[in-house]
Structures are given as C-alpha cells and as structure tokens.
Amino acid sequence: MMKKKSVSARKASLVLFLCQMISALDVPLDSKLLEELSQPPTITQQSPKDYIVDPRENIVIQCEAKGKPPPSFSWTRNGTHFDIDKDAQVTMKPNSGTLVINIMNGGKAEAYEGVYQCTARNERGAAVSNNIVIRPSRSPLWTKEKLEPNHVREGDSLVLHCRPPVGLPPPIIFWMDNAFQRLPQSERVSQGLNGDLYFSNVQPEDTREDYICYARFNHTQTIQQKQPISVKVFSTKPVTERQPVLLTPTGSTSTKVELRGNVLLLECIAAGLPTPVIRWIKEGGELPANRTFFENFKKTLKIIDVSEADSGNYKCIARNRLGSAHHVISVTVKAAPYWITAPRNLVLSPGEDGTLICRANGNPKPDISWLANGVPIAIAPEDPSRKVDGDTIIFSHVQERSSAVYQCNASNEYGYLLANAFVNVLAEPPRILTPANKLYQVIADSPALLDCAYFGSPKPEIEWFKGVKGSILRGNEYVFHDNGTLEIPVAQKDSTGTYTCVARNELGKIQNEVHLEVKDPTMIIKQPEYKVIQRYGQASFECVIKHDSTLLPTIIWLKDNAELPDDERFLVGKDNLTIMNVTDKDDGTYTCIVNTTLDSVSASAVLTVVAAPPTPAIIYARPNPPFDLELTGQLERSVELSWIPGDENNSPITNFVIEYEDGLHEPGVWHYQTEVPGTQTTVQLKLSPYVNYSFRVIAVNEIGRSQPSEPSEQYLTKSANPDENPSNVQGIGSEPDNLVITWESLKGFQSNGPGLQYKVSWRQKDVDDEWTSVIVANVSKYIVSGTPTFVPYEIKVQALNDLGYAPEPSEVIGHSGEDLPMVAPGNVQVHVINSTLAKVHWDTVPLKTVRGHLQGYKVYYWKVQSLSRRSRRHVEKKILTFRGNKTFGMLPGLEPYSSYKLNVRVVNGKGEGPASPDKLFKTPEGVPSSPSFLRITNPTLDSLTLEWGSPTHPNGVLTSYILKFQPINNTHELGPLVEIRIPANESSLILKNLNYSTRYKFYFNAQTSVGSGSQITEEAITIMDEVQPLYPRIRNVTTAAAETYANISWEYEGPDHANFYVEYGVAGSKEDWKKEIVNGSRSFFVLKGLTPGTAYKVRVGAEGLSGFRSSEDVFETGPAMASRQVDIATQGWFIGLMCAVALLILILLIVCFIRRNKGGKYPVKEKEDAHADPEIQPMKEDDGTFGEYSDAEDHKPLKKGSRTPSDRTVKKEDSDDSLVDYGEGVNGQFNEDGSFIGQYSGKKEKEPAEGNESSEAPSPVNAMNSFV
C-alpha cells in the first residue's frame, strides 16, 4: 500500500512540475520589448568572494546590476549599513554600484578590511551579491635568528629550513646563491612543498657559504631574503651506505583533507645512500589516469580535479639497494557546496502557479536557506501565494505584488553558494512583434511559413484569418505552431492573399496583417542533351526556361561542376552554350543552372569528343527521357502512372525506373519506387498516407540510363493513423538507477499524418505492476529515473499522430542500469602445469551479486620475483579475460623458476568487481637461455682463452656449463668432438694442448637440473709456428699517467694499415669498457678526462682482425695536488704589482686626511650619516654582488629601488631607480634556468632632488620579479 502511495506522489509531483513548466512565460529577446517590461534587479558583475587587494593601489569593489526601472545600490560592511557619504575616501561610480576606495591619496588599505555585500533594489525586488571579503596583501619580514654553520658528514642527510614569513597570499619560495644563480636540484637535492631544502645525502660538492632562501610576494612585488646558510661537508673513509628513512612526512601514517575540484599534492622526501627512488601507489585501487602527475623527481604526487572517488590511502615507497621505507597518507576529499539545480528566474502571469528549485550537494551535505529581497524568508513580509518546502518554493495563484527576488544560500563548513532568482509577475496586454504588412514570397507546391511573434501576460491565444473579413483558418491543410507561426505545407497559387493574425488575452486584443505571394516554379522546358561530336566540330547545348514573370532568372553554365574555361571558343547565348572547334579536353559534363531569388533548377548533359570515323557508323546512345507522364485512378493508397517512351537511340530499352519525391517532408530528394520491363508504359503504384507525391521515369538500355523525365503532377494523399511502430526498441540503463529506452524513429512519410509522437510504456518484469506510460515528442530516447539496479523491464513504444495510434506494438525486454559487481570470486586455486603454464580455478559468484550482464572473469597476474636472482623489479601486471560464466583459465607465457601472484575479478557491462585475495604460486625450474656471450681471445700456438657470460634468463639454478669443440680442416670437414663440463661459477677457461694453425668450432650451453639450454657457437684459430704470426700481435703495453690523463704506448706486429683502438675502465668495476679510436697507425694514444687518484685498466686492440686485443694493463692517476699549480704569490711580477698598489693607496689616504683637516665636515655628509638606511646592503663595484653579511645586516629584504619604506618592505612605486639605470636596459633579468643575466655598469646614480638625500646601491629585484 505504501509503495502505491509513493508512486502516486511521484506522478503528482511530475504532473505539477510539467504544469509549472507549461505555465511559465518565455519572454522573447526583442530589445524594444525588454526595454518596456518591468523586471526585478539581476546582479551581472561582482568582485570575487575572497578579494586580496594591493595595499598601495585604490580598492575597486565591483557590483553591477540590471533591472527595469534601473536599480539603486547600497552596501553593508561587516553586517551593518555602510554610509559611503560619510567617508571622503569612498565613492560610487555613476549608474553603478561599484565602490572605489581612494588609497593613493592618503587612505590606508588596512582600515577598509572587512566583509562587504552589495544590494541592488527597485520597485520589483532586491538582489544581493556574495559576501566579498576584502583583505590587503601582506609581505612581512623574516624574524631575526642566528644561523650556525652546518657541519655534516659525507653521506648524511640534511634539511635547510626556510621558514618564510606568513604573507597574504603565501609567498613563492626559491633557493639561490649570492650570484643569483638557482641552486641545482636533483633526486638527491630538492625543495619541499614547505620551502625547505632537503639533501637525501650530502656530497663534498655541497660545501658552500651561500645557501639563500628567497620569498616573493606577488601582490606587493617584493622579495624577502633570508640570511645565507653555511654548509660544510667533511669526509670520512669509507662512506657508510644507509637504507632509506623518510625526512617528510614523519611517522608511518598521516592524514590529508582536500576539497573537491582542487589539486591534491602529496609529498615524500627520503634520506639514504645511495639516493632512494620514490614510488607511489594507491592501496586497493589505481592512480587516476589522465589526472595524475609526478613532480620534483617523483617526490610529489599531483592529482588534479580531485573528487570523492579519490579518497583513500596513498602509499609512498622509498627504496635503494639496502632496503626501503614507506609512509601511508590517508586522503579524505570533502566538498564545498556545488549546484545540482540552481534556481532560475520565473516570469508568471497573475493567477498562475510556479516553483523555484534550489538543489546543491557537498560533503558534508550543505544546508539550504532562503531569503526574499535579501531578508531571511522567515522574517520577510508574508506572501499568501508562497509556500517554502525545503529546497523548493511553491507559488500558487500569484499576483503582481508577488514579484520579488529570492536568494538561495547553500552552505557547509567549507564554503557557500548564493544565487539570486526573481519571480516577475506581469500583467501585459497582447503585443505582436512581427512587422505589419510583411510580405512573404514562396514557390508553388512548397511550404509557406507566416510569422506572428507575440507576447502578453497571460499568454495570448492566437487565431489566423485569410482576408479582412475571412473566417478563422482550421483543418489539416494548415499547421499552427506554438510561437504563433502559420504553416501552409503545400502552398498553391490560390493561397496568395492577405492573412490576419489576432492575439487576445483578458487584457486586450491586437491584430497584424501579412501578405503571401505564391510564384510559379522555374522550369527548364528544353534541357541540354547528350552529344557525341567529332574532333574540331561544333557542339551546342540548349537550356530553354519558363519562369514566373515577376522573378528575374540568371543562367550559369558549368563544366564538370566548375566554371567554364576562359576560352573564346565557348560562346554563351541567352538560352544556349556553343563550343567551337572542340578538342579532347572539352570532354565532360555541362550543367545549366537557373537561379531566382526563390528557387533554383539545373540540368546536365555529357559531351563526348571522338575522332572522325573513316566511314559512317551506327551511333548507339542512351535513350531519350520519357515524357507526358499522367496520373489516373487516384485512390487513398494507390495511383496509376503512365508515360510515353523517348527515342531508343539504336539500343532497345530494357526497363523503366520509377522514382518519387515527397514534397511535404523531403522536397528535392528523389527516392527509388519500382522498376518495370521496357515493354510496359503503365504501372500501379502503392502509396503511403500524408505524402505529397511527384513521380518521374528513367529509361535504361545497354548504353546507360536516360535523363529523368519531367516530374508528374503532384498528388497529396490523405492523412491516416501510423501503419507501423518504431523499430529497434531497446532498454539499456546508463546509470545504476535509470532505464534508457531508445528506438529508431519513423521516417517522414511513415508518420502517415501530422503531429507524430510516441507513447513509451514500461513495467518491471515478473512483478505485478501496471504499465507506466508517457507520450513524448518526435524524439528517439526516453530516460526512466529511480529504477532498481539491473532488473528486467517490459518495454513497448507505440507511434501516434493527430489521427490516432498505430497498431499495438510488440514488447521487448530491457534492463535498468548496471552497477559494479559486489563480490569477488572465491576458492581461487592454481595448478602449475609446467614452468611456463598454469591453470587457475575459481568458484562462480552468485548472479544476484553481479548486478549486470555477466561478461566474464578477469585474471590479473604479475611476477613478484625471480627465485634464481632474488631481485625485485617493476611489477608489470598482465590481464587475461575469460568470456562467459567460466570457472577456469590457462595462464601461458610464465617465466620459469619465479614467484607469481594473481587475483580474479568478475566483469559486467559496468566494469570490474572487487579482486579476490592475492594467490601466490611458484613456477618450477626450466632450461636456461643461451649464455649471453662467448668470446675467444689470446690465441697462441697451442692454446685459446674462452670467456663467457651467464644466461640472461637462467630459469633456475645453474649446475654447470657444457663446452664441446672440434677441429675444422681446409675442406670444412669436422674432426672428433670433445666435450668438457665446467662448474657453474666459472666465467673463463684456457684450452691447452691444441694444434697450431688450426681452426676450431665451439659449442657452448648452460645446464640446470631440468636440462641443457640452447647453445651458442663460435670459431677461432691457433697461430702458426713462424716468426711472422698469422694474426697481429700487440705487446709491451705501457702507460705514463698524470692527474687527469695517461699516455698509452704499445708494440705491434702484423699486417700494415691496422686500425687500433684503446679500451679502458675503472679497475675492479663491472661497467662496460670505454672505447677510443686511434687515428692513423700510431702506436701511442693519450687518454684524457680521467679522475685523479683512480686505478684504471687498459688494453689495446686492432679493428677487423677477429677482435684481437692485447692483455690488460693497470695504472693509477696521480692525486690532485695544489702544489702542481703555479703559486702566483711567489711570482716576481705579482710582488712588484702589489707593492705599487699599496704605495698608491697610502698616497691617497694622506691626501684625503689633509683635505679633511683643512675643510672640516660637509653638511651633506653629516645628514647622510644621520639618516643612513640600516636596510641598505652595499653592492660590490667589481662584480655587482652583495657584500659580506654582518650581524647588523641579517634578514634584510632585497630592494627594488633606491628608497626603502619604514616598514622594511620594498614597494613598486617607491623605486627612484631600477636595474635599467645601472645595467643594459631590460637585459637585467633572469634566464629560464634562474641564472642572472645582464651586468651592472658603472653608470652614475641620478642627481638627488635635495642636497640631503643619500644615494644607494642598486638592487636586482626587478630582474628577480621578471623571473619568479
């Protein structure tokens, strides 16, 4: 019983809503009408809710509104009336509510902090703006602190704290040195989100005295500078490696709250040696695709446009080869209010009903409150036509006094939304907006649309009359549109005349006359014909037309749908086209197009140019078009068509094709109707109701198709009920709580009459429920909301028109929307078949928990680690999908001797369900891959040296290597095969007791307990027992090493013109050899760029000689010694220069002392000493950098100009000079990498306005502002 009541209530709400939508007035966008109608105020422009202003500039608080009559404006400040007339600094713009607070002429921005709200009011109501919070920006100074030098051991972690002053808005932080160069950052050294500089591990090159943190405040265009921080790194041998430890955040877990739509930033910075690598995962899910970004060397996870679905646990993992550390950040996404349905303006007539709906969502759910004309609705003047029901205001039987502006406020702890929507009750007599005596011209047999745009309140009724005293127009031959337009579907000549539109409501009546002229259609009565012309002959096409005498036609000729060639051979006459002396390039299709202001017709013909035949031949051509088409025996559903065939042109007509045009629904489009044999000249045609038919006939022979005949007379069949219903009816939900019913709409001629609509019916299957039906317009989709998830529905769609319904439609079965599956498959078992194949079993899930069409199961599996290497790698998950309700699947392509995990998920049309618990399984050993390489070196008379690499994929525990070899004679015959088993831990072997000057072939493979892997082969030759070896020999490799280079020399025996190369690397390192090519045939080479104090290995080889190389040699570069450099202090010229400088300085000091004692103190100097700015940082004249810091100079901000205000901030307007005065104009700026470019010149400062002003050193702040 309760269920039926709720259904009835929903239906009643739907009916009420539809009634409201129907009764609300639409105001036409007519400028003259809008100027005359009264309208409550509407806020059109306002300042942002949180408005941070520049304290040095005038404050402009915007408030613009429109209304009729124009609204007046008032303001509140902090909830009370703000009387702007009492404050000389505040003015309001004319015809506007925008406030201008004069700060530049003595006002202080701090005095105007507060919450402002604007009200726009006229006689129809009052609209209010948002609460606009005005706050001046602030850029405070750094607090005084004494910074001790940081002494750090090499390899330890370090954090340099910035701790910038709290500004409004927060400053931008960056680190630079004294030379204004950006400090380089990497995976090891990076800046955190809080501005601190983090070192995962310090290195000796991190030692420096000038780590400086800068804070830029954008609104005030100032930069504050922290006192330089000193870092000294001391080394200890050996440097101890450390596993990762998180520097930030601390602990194992933390929480983070972010708002919907914002950018989520999560940060993890770790200490450790080697430098840890950071990886991010989301527990129980995937990071959102297309919205996830990694910054700061993957230490920062950035997710844009977050939503509630992004809530969850995010884990960062820091790893190096010694271990790992992790931290879990629990993210909760809240939401400030956002609109679901914002209230919309409502225009009603007296006595009508309507509703204002205000729906918003958020997390937590926002509270909805209403105001009327800016006053809470609970204390607003009562209105008997108004009733508040939560988020909806219902209006019943409104009157003109009901006009007002309503405000909806949706708020929670994270913000609010405020929307104005007016209710405007208008009582207006009818007005017709269409100009009087407007003339409409149409072509006969085409539709005519006569406009009657109107407005009135209540909504006027529209009637049409023909003639001054004619009767009201009714019947199927006219269509009356809701906007007042009269449509005559098929205008005839007798439709010409004067039509009167009458609009009336209870307040009055008005009428307007328009005129219709129906013109005769333009026709081509003699069309151009197909021509076959001999080369150099003459071709002529005719195009004779018939048109309405009041229309002026223009004729255009085209060739192949393009303009005619610009050639004097083409002669265009009044009704013909002549081509003189035709050539092969004149082949093509020629089209005659006739245009008037109302219609356009065309006809085409093909010109074929042929060579002159030696003898006359029979010309075979396409037939001429039929003519004299006649309709007889007209019935409601059939008509008889007859015609006279055209000339066959020496090829018998095989058949006739009949086409039709529907001038009512698709004018100008011809459709295939039927075909009849070439001996038949009449046909009985089946017709459909409500179609304005025209027919034409095309004759066909073996050459081709004729041109279409002239159209027959038109025949309009009567309207009838639809004969058929829409096809391809489907019901598929797009959301878990809806059912989307779609169908293929009927074609125009299938409607059988005007007013085509569809009756959509549905009911839940297997439930004792009645059909729910709705009639919709000529669309192809209807959405049923509020359905249970994935339940079957019986659906049917029936066509109807103004004459009635189509036959009862058949029912189809559809389903409401799917949702993700609820449970994971259980009892997951894995059976390992062999080392590369496994079979997984699972139990099916109950169909009720699938909540959709079961599409199959997905198996996610991934390799955890290789059991032979015990090393983890990047996890690459693989997915196999098994369609249908299967309970097992095969997993091919596994790697032998490895540990795997898998889980199983059920899949429906919506997506995947939860994963089953991860199942661990292991694959057994397999045979290994081939060794990674086999290299044969150092051939002697009776021995060869073999070196090899272990298999890339051991696929188990290697037990041994198998080496087989045999000699090869000059005829490539193989000798006896020798087999040797080598322990698995060996990587080289010297084969002795071989025959000299003999080629051997080697076969080499690895073995596990399962068996032998694939083998690799190689060939090599022992050398001959002669003084001159068969292959070159490189011996006596010697090195002479310095700090950063080494001279390598060797002796070579072998063929001339050998190309040598030198290979080298750090001794004891497993890195690949570095290779240098030796130019020419020299026997020496200099290796450059070596590291001092390092042991190197080196060998020499010859190109193209079977990879022959010398034996290895080891050398060590010398240590970096300061004594190697020339000590300038011991040079004689330097000592003499210093003595001369010292003597010159002594003379200058004596002269200054004498002048001072003689002249006394200068007054200007005294004032400079008395008023010296303590914030000035001296600039070195030689390089433009800041001077040394003292305790009295700590925490001074960078200055943009030569004066600094008393609050120790740098202001844009206070600058008397800039970097342009001291450098190369605008070149004083930063590069993209943060480096300062442009140098300070020796340009003098500007002359002071008064003698007591002091001059100051220039500051590079302008350049910094252009960078940050």
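These figures come from a predicted structure and were not determined experimentally.

Side note on the overall build of the chain
Thinking step 1. A count of helices and strands for the chain gives six helices and 94 strands.
Thinking step 2. A total of 1268 residues make up the chain; the buried ones form 41% of that total.
Thinking step 3. Counted over contacts in the chain with a minimum sequence separation of 6, partners at least 24 positions apart contribute 64%.
Thinking step 4. About 67,900 Å² of surface is accessible on the chain, with carbon and sulfur atoms providing 51% of the total.

Points about the nonpolar core
Thinking step 1. Among the nonpolar cores identified, the biggest contains 29 residues, and Ile59, Ile61, Trp75, Ile101 and Tyr116 are the most heavily contacted of them.
Thinking step 2. Every element with two or more residues in this core is listed here: strand S3 (59–61), strand S4 (63–68), strand S5 (72–77), strand S8 (99–101), strand S9 (114–122) and strand S11 (132–136).
Thinking step 3. By residue number, the principal contributor to this core is S9, which donates three residues.
Thinking step 4. Apart from the residues lying within four places of it in its own chain, the contact partners of Ile101 are Asn58, Ile59, Ile61, Gln89, Val90, Tyr112 and Tyr116.

Focus: the sheet that holds strand S36 (residues 404–412)
Thinking step 1. With mixed pairing, five strands are arranged side by side in an open sheet as S29-S37-S36-S32-S33. The strands lining the two open edges of the sheet, one partner per strand, are strand S29 (346–348) and strand S33 (375–376).
Thinking step 2. Here two bridges tie strand S32 (residues 367–372) to S33, and the two strands are oriented antiparallel to one another. Each residue of the ladder has a partner; that of Leu371, found in S33, is Pro376.

Brief notes about the packing of aromatic side chains
Thinking step 1. Taken as a whole and assessed by the stated rule, the structure comprises 23 aromatic pairs.
Thinking step 2. Chaining the aromatic ring pairs together yields one cluster made of Tyr660, Tyr693 and Phe695.
Thinking step 3. Across the ring face of Trp771, the terminal group of Lys796 is positioned such that the distance to the ring centre comes to 4.4 Å.
Thinking step 4. Above the face of the Trp862 ring, Lys877 is positioned so that its terminal group lies 4.5 Å from the ring centre.

Some remarks on the side chain of Thr1022
Thinking step 1. Counting through the fold element by element, Thr1022 comes out in the loop between strand S85 (1016–1021) and strand S86 (1033–1041).
Thinking step 2. Thr1022 gets classed as buried once you look at its relative accessible area, which sits at 0%.
Thinking step 3. A polar atom in the side chain of Thr1022 sits 2.5 Å from the backbone oxygen of Asn995.
Thinking step 4. At 2.8 Å, the side chain of Thr1022 and the backbone nitrogen of Ser997 are in polar contact.
Thinking step 5. Those residues within four positions of Thr1022 in sequence are excluded, and the remaining contacts are Thr940, Leu941, Ser943, Leu944, Leu994, Asn995, Tyr996, Ser997, Thr998 and Tyr1000.

Brief notes about the state of the cysteines
Thinking step 1. Taken as a whole and judged by the stated rule, the model has six disulfides.
Thinking step 2. Paired through a disulfide, Cys358 and Cys408 show a sulfur-sulfur distance of 1.7 Å. Note on the Cys358 and Cys408 pair: the S-S dihedral is about -65°, so by sign convention the disulfide is left-handed. Here Cys408 lies in strand S36 and Cys358 lies in the loop between strand S30 (354–357) and strand S31 (359–363), a separation of 50 residues in the sequence.

Structural notes on the sheet that holds strand S13 (residues 158–160)
Strands in a sheet are paired, the pairing made by backbone hydrogen bonds, and the direction either parallel or antiparallel.
Thinking step 1. Pairing is antiparallel across the open sheet formed by three strands, whose spatial order is S13-S16-S15. What marks the edges here is a single partner per strand, and that holds for S13 and strand S15 (189–191). This sheet shows a mean twist of 15° between the axes of neighbouring strands, independent of strand direction.
Thinking step 2. Where S15 and strand S16 (residues 197–199) come together, three bridges link them in antiparallel fashion.

Some remarks on the environment of Ile278
Thinking step 1. Here Ile278 is to be found in strand S24 (residues 277–282).
Thinking step 2. Among the residues examined, Ile278 registers a relative accessible area of 6% and is labelled buried.
Thinking step 3. Setting aside residues up to four positions removed in sequence, Ile278 forms contacts with Cys268, Ala270, Lys298, Lys299, Cys316, Ile317 and Ala318.

Description of the environment of Asp575
Thinking step 1. In this structure, Asp575 sits in the loop between strand S53 (570–572) and strand S54 (576–579).
Thinking step 2. Residue classification places Asp575 among the partly exposed residues on the basis of a relative accessible area of 31%.
Thinking step 3. When sequence neighbours within four positions are dropped, the list of residues in contact with Asp575 reads Phe541, Glu542, Cys543 and Val544.
Thinking step 4. At 3.5 Å, the side chain of Asp575 forms a polar contact with the side chain of Asn576.

Let's talk about the side chain of Gln407
Thinking step 1. Note that Gln407 resides in strand S36.
Thinking step 2. Judged by its relative accessible area of 0%, Gln407 is buried.
Thinking step 3. Here Asn420 takes part through its side chain, which lies 2.8 Å from a polar atom of the side chain of Gln407.
Thinking step 4. With near-sequence residues (within four places) excluded, Gln407 lies in contact with Ala126, Ala127, Val128, Ser369, Trp370, Leu371, Ala372, Asn373, Gly374, Leu418, Ala419 and Asn420.

Calculation criteria
- Residues numbered from 1 in each chain as written.
- Predicted model: local features only at pLDDT ≥ 70, side-chain atom pairs only at ≥ 80, totals over all residues.
- Heavy atoms only, no water.
- Helix = DSSP H or I, 4+ residues; strand = E, 2+ residues; numbered from the N terminus.
- Buried < 20%, exposed > 50% of the residue type's maximum accessible area, 1.4 Å probe, protein only.
- Contact = heavy atoms within 4.5 Å.
- Areas by Shrake-Rupley, 256 points an atom, 1.4 Å probe, with all protein chains shown as cover.
- Core = buried A, V, L, I, M, F, W, Y, C linked by side-chain atoms within 4.5 Å.
- Pairing = 2+ DSSP bridges.
- Phe/Tyr/Trp six-rings, centres within 6.5 Å; stacked < 30°, edge-to-face > 60°.
- Lys NZ or Arg CZ within 6 Å of the ring centre and 35° of its normal.
- Polar contact = N/O pair within 3.5 Å; in protein donor to acceptor, adjacent residues only side chain to side chain.
- Disulfide = S-S within 2.5 Å.
- Axes fitted to C-alpha atoms, helices over the stretch in contact; angles between N-to-C directions.

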